Amino acid sequence: MLRKDFFNVKRIVIKLGTNVLRNDDGEVALSRIYSFIEDIAKLVKNGKEVIVITSGAVGLGKKKLELDSTDGDGVKQACAAVGQSRLMSFYENGFALHDIPIAQILLTEDDFSLRHRYLSLRTTLNKLLEFGVVPIINQNDTVSTIELEDMLAGMKVSFSDNDKLSALVSSELDAELLILLSDIDGLYTANPKENSNAEFIKEVEGVTDEIMALGTDASEGGRGGMKTKLEAAKFVTRFGGKVLIANGKTPYIISRVFANEELGTMFLPTNENLSGKKRWIGYATNVLGKIVVNNGAKKAILENYTSLLPVGMLEVINDFKQGEVVSIYDENGTEFARGMVNYNSEECRKLLGSHSDDIVKILGYKNYDAVITRDNITDL
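Report follows, based on the coordinates. As the structure is a computational prediction, the values presented were derived from the model and not from experiment. (Residues numbered from 1 in each chain as written. Predicted model: local features only at pLDDT ≥ 70, side-chain atom pairs only at ≥ 80, totals over all residues. Heavy atoms only, no water.)

## Comments concerning unusual backbone geometry
The phi dihedral of Asp174 falls on the positive side, at around 55°, and the residue is not glycine. Mapped onto the elements, Asp174 comes out in the loop between α7 (162–172) and β5 (177–182). (Helix = DSSP H or I, 4+ residues; strand = E, 2+ residues; numbered from the N terminus.)

Right under this line is the structure:
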């Protein structure tokens, strides 16, 4: 795809990572932050709608409190509380110079997992964009529960880093482009910080397992890494969005990519065009329940696009209610889909391996022939 076509968009989500908001010594990279704001202001004044996903609150709080570590109960949350106001002051002052209003929005996983809050958030964000406001979004680390491992044992949360958060926001708002700015130029065939023979990849068509294998974990101070960026790219391209991973430390990177300079790795949209409901089922909600199915059921779901019938179930893990989203695992313990169940966990256990014709005999009633209907399944 030509660069000019790739960047011919109206609605853009830009994620600024921790390591591009600070210098090597850990201090705030104020001039870089203001250059981002200047670039974004140009986009807004040219008729673009821009949403900013920002990291940095925890790091700023840690620096302000003169802490060496954020380990310990409540320490990271306390740092976030201290750092968030300082972080927003930079954006408030910077955008004020360009007469552009901003809005602070702090989100937790429940804002996506609970569908009524998910839909309410979408309405609010759309209204802000209609008013010409630039939403500044961050994970609400002060109250987020993702760090409480005992509480969430076995649960797959909707997001645990700002890369995934930026993908969820892109999906919720049908953004045409997600830009992920980090401290690396883009995707390489190997980690360029460790392998001098690593080759740069300019364009990716389809985030395959081979592409995912190129991902690495976060660098010091960050929570994501290339792995989470590739996961975000896979999600966004599945619903028809575009993704650019580029180096936020490159001077005026945002203006330069919109001037069609050959910077960053472009991820092209697929033809899958996941519906809003399927996006929410597959990516936006917290998932605790699990259903393990046999190989025949897996093949039917992935290749024949059929519903999940009771006869294909092997095991039900954890408790869940009718209407909740569960993970669907194969016999090897690999999650390959998610779906909204028609029966609760107790009912599903009673139906293990049964034929649909026997549901009434087993339960005394029947809601559906399928445990999960095809329209409520999202392949991963």
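## Some words on the pattern of salt bridges
Enumeration according to the criterion identifies 17 salt bridges in this entry. Put simply, Asp369 and Lys366 hold a salt bridge, and the shortest N to O gap is 2.7 Å. Note on Asp369: relative accessible area 43%, which makes it partly exposed. The partner of Arg374 in a salt bridge is Asp379, with the nearest N and O atoms 3.3 Å apart. (Salt bridge = Lys/Arg side-chain N within 4 Å of Asp/Glu carboxyl O. Buried < 20%, exposed > 50% of the residue type's maximum accessible area, 1.4 Å probe, protein only.)

## A closer look at the packing of α7 against helix α9 (residues 226–238)
Interaxial distance between α7 and α9 falls to 8 Å at its minimum, and their mutual angle equals 10°. The angle between α7 and α9 falls in the class roughly parallel. Counting all contacts with α7, which are made through Asp163, Ala167, Leu168, Ser170 and Ser171, the residues of α9 involved are Thr228, Lys229, Ala232, Phe235 and Val236. A class-by-class count of the residues in the contact of α7 with α9 yields five nonpolar, three polar and two charged. (Axes fitted to C-alpha atoms, helices over the stretch in contact; angles between N-to-C directions. Parallel < 35°, antiparallel > 145°, perpendicular 65-115°, else oblique. Contact = heavy atoms within 4.5 Å. Nonpolar A, V, L, I, M, F, W, Y, C, P; charged D, E, K, R; others polar.)

## Quick word on the environment of Phe336
Positionally, Phe336 belongs in strand β14 (residues 335–340). Given the relative accessible area of 5%, Phe336 is considered buried. Expressed as a C-alpha distance, the spacing of Phe336 and Leu380, which sit 44 residues apart in the sequence, is 5.3 Å. What Phe336 contacts, discounting residues up to four positions off in sequence, is Val293, Lys298, Ile301, Leu302, Ile328, Tyr329, Asp330, Asp379 and Leu380.

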